[in-house]
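Next come the chains, spelled out residue by residue.
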Amino acid sequence: MRHWMMLVAALLPGMAAATGHELSLGGALFSTSGLSLALPYRPGFEASYAYQFDTWRLGGGVRWNLGGGSPPLEVYARAQLTADMGVWRPAVGPELGLSGLRTVGPAPTGYPNDYQSTRAGLFGPAYVAIHAAPLRFAFGRFTASTLELHWGTLLTPRPGSVLRLQLGLLQVGVML
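First, a word on what this report is: a plain description of the structure on this page. (Residues numbered from 1 in each chain as written. Predicted model: local features only at pLDDT ≥ 70, side-chain atom pairs only at ≥ 80, totals over all residues. Heavy atoms only, no water.)

## Some remarks on the overall build of the protein chain
Part 1: Looking only at helices and strands, one finds two helices and 10 strands in the protein chain.
Part 2: When the helices and strands of the protein chain are placed in sequence order, the string is α-β-β-β-β-β-β-α-β-β-β-β.
Part 3: Residue burial in the protein chain is summarised as follows: out of 176 residues, 39% are buried.
Part 4: The contacts in the protein chain between residues at least 6 apart in sequence include a share of 57% that link residues at least 24 apart.
Part 5: When the accessible surface of the protein chain is totalled, it reaches about 9,700 Å², and 74% of it is carbon and sulfur. (Helix = DSSP H or I, 4+ residues; strand = E, 2+ residues; numbered from the N terminus. Buried < 20%, exposed > 50% of the residue type's maximum accessible area, 1.4 Å probe, protein only. Contact = heavy atoms within 4.5 Å. Areas by Shrake-Rupley, 256 points an atom, 1.4 Å probe, with all protein chains shown as cover.)

## Quick look at the pattern of salt bridges
Part 1: One pass over the full model with this rule turns up nine salt bridges.
Part 2: Of the charged contacts, one joins R63 and E95 as a salt bridge, the two residues approaching to 2.9 Å between their closest N and O atoms. Here E95 lies in strand β6 (residues 91-99) and R63 lies in strand β4 (residues 56-65), a separation of 32 residues in the sequence. In this structure, R63 and E95 share a single accessibility class: buried.
Part 3: The partner of R89 in a salt bridge is D84, with the nearest N and O atoms 2.9 Å apart.
Part 4: For D84, a relative accessible area of 16% translates into the label buried. (Salt bridge = Lys/Arg side-chain N within 4 Å of Asp/Glu carboxyl O.)

## Digging into the environment of A79
Part 1: Secondary-structure assignment places A79 in strand β5 (residues 73-82).
Part 2: With a relative accessible area of 22%, A79 lands in the partly exposed category.
Part 3: On a C-alpha basis, the gap between A79 and L96 in space is 9.2 Å, while along the polypeptide they are 17 residues apart.
Part 4: Among all residues touching A79, those that are not within four sequence positions of it are R57, L58, V92, G93 and P94.

## Notes on the packing of aromatic side chains
Part 1: A complete count under the given rule lists two aromatic pairs for this structure.
Part 2: Note that R63 overlies the ring of Y76, its terminal NZ or CZ placed 4.2 Å from the centroid.
Part 3: Over the ring of Y127 we find R164, and its NZ or CZ is 3.7 Å from the ring centre. (Phe/Tyr/Trp six-rings, centres within 6.5 Å; stacked < 30°, edge-to-face > 60°. Lys NZ or Arg CZ within 6 Å of the ring centre and 35° of its normal.)

## Things to note about the side chain of T82
Part 1: By the element assignment, T82 lies in strand β5.
Part 2: Using a relative accessible area of 3% as the deciding quantity, one classes T82 as buried.
Part 3: Among the polar contacts listed, one links the side chain of T82 to the side chain of Q52, at a separation of 3.1 Å. (Polar contact = N/O pair within 3.5 Å; in protein donor to acceptor, adjacent residues only side chain to side chain.)

## Here's the deal with the nonpolar core
Part 1: Ranked by size, the top nonpolar core spans six residues in total: Y76, F123, Y127, A129, L154 and V162.
Part 2: Sequence-distant contacts of L154, that is, excluding residues within four places in its chain, are made with F123, G124, A126, Y127, P159, G160, V162 and R164. (Core = buried A, V, L, I, M, F, W, Y, C linked by side-chain atoms within 4.5 Å.)

## Things to note about the side chain of S145
Part 1: Mapped onto the elements of the fold, S145 is located in strand β9 (residues 142-154).
Part 2: When its relative accessible area of 4% is taken as the criterion, S145 is described as buried.
Part 3: For S145, the side chain forms a polar contact with the side chain of E148, separated by 2.7 Å.
Part 4: Beyond its immediate sequence surroundings of up to four residues, S145 is in contact with A133, L135, R136, L169, L170 and Q171.

## So, the pairing of β4
Part 1: Relative to β4, strand β3 (residues 42-54) runs antiparallel, the two sharing 10 bridges. If you follow S48 over to β4, its bridge partner there is G61.
Part 2: Linking β3 back to β4 in an antiparallel pair, the connection comprises one residue.
Part 3: Two elements, β4 and β5, share nine bridges in a ladder whose sense is antiparallel. Each residue of the ladder has a partner; that of W64, found in β5, is L73. (Pairing = 2+ DSSP bridges.)

Scope: geometric values only; no functional claims are made or implied.
And the structure:
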């Protein structure tokens, strides 16, 4: 473990980031897919909080889906490892959340009327994902991030049966 920490410190000089609280707002595109399911991207908004100390950001937030979905809400917690390289502050780490986004789209022609509700019942609310913000920057007290990638799967009832993909368009924050 000690050798791994020394290697990271050697590869990423200046990793110690400022300690502080950050509030941010942003927009994203969200999609879900599986073996017999592929939904188009739906736009949404995100409000998040993070507490940063040393190289770690711990926090969580809420997402609102503007497309179809009932209820169109997610809550999540996240832990990210960050690097402080001048104004560039990339971050990556796991995310665990609960989602109400279980819409499966319209029933294909010839399928029963209860197809959507039956199919939606197969998707549990809990998910796990990796969240990466490679284009995250800090300018004084303000932060900006674009092209964040969120990739994960539902945990229940069958982990790996449904892929979650989210592309963060723009996230803007302020350090308090």
